[in-house]
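# Fold and contact review
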Amino acid sequence: MQSTKFHGTKVTLIGDQIGVGDSAPVVTAIGTDLNNVSIGGPRDKIQLIVTVPSLDTDTCAAETRRFNEDVNNLDICETTVVSMDLPFASERFCTTSGIENLTVVSDYLDKSVSKAYGVLMADNKLIGLSARAVFVIDRSGVIVYKEIVEEVTSEPNYEAALEAIKLAR
């Protein structure tokens, strides 16, 4: 079983155990406009999928803003941030934070993204939320980079994710 930590305490992650070299599962989440948004699988662009517990935390908000800036000039990549926030809260966050270069979706309905990517927290105070993780998927739909952040309150390795995107061309 994979795991992360919340304030130093181990948190078990449940769902499919996928990794680098595996096909990225095609799953659906809910967009801020309440429409279905499909992620994973083969695409015309490289995909950066970022899972976070909630945009209503300082770390998740900072991470989303940072990726929004970092992917601004990367026309080879489409970025999706997945949280358990309701679509209404996600839309408000995007509007107030100036998020324009990536898509924010909610996994609240059936947690299909979190389960398919193996990042659903199964215990501790954050049970039912997504762990902080980053996946880079090449155009053929294969995962070429994966990071499950060791401590859910910490930010990911931005440079490694961006380098994986550039190498996935």
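Above this text is the structure in question.
Cut-off values and rules
- Residues numbered from 1 in each chain as written.
- Predicted model: local features only at pLDDT ≥ 70, side-chain atom pairs only at ≥ 80, totals over all residues.
- Heavy atoms only, no water.
- Salt bridge = Lys/Arg side-chain N within 4 Å of Asp/Glu carboxyl O.
- Helix = DSSP H or I, 4+ residues; strand = E, 2+ residues; numbered from the N terminus.
- Buried < 20%, exposed > 50% of the residue type's maximum accessible area, 1.4 Å probe, protein only.

## Looking at the pattern of salt bridges
- Scanning the model with the defined rule gives 5 salt bridges in all.
- Glu150 serves as the salt-bridge partner of Lys5, at 3.8 Å between the closest nitrogen and oxygen. Here Glu150 lies in the loop between β10 (143-148) and α4 (158-167) and Lys5 lies in strand β1 (residues 3-6), a separation of 145 residues in the sequence.
- The exposure class assigned to Glu150 is exposed, which follows from its relative accessible area of 57%.
- Residues Glu63 and Arg132 are paired through a salt bridge, measuring 2.6 Å at the closest nitrogen-oxygen approach. Separated by 69 residues along the polypeptide, Glu63 in helix α1 (residues 58-70) and Arg132 in the loop between β8 (120-121) and β9 (133-137) bring together distant segments of the chain.
- Here Glu63 falls in the buried class, since its relative accessible area comes to 0%.

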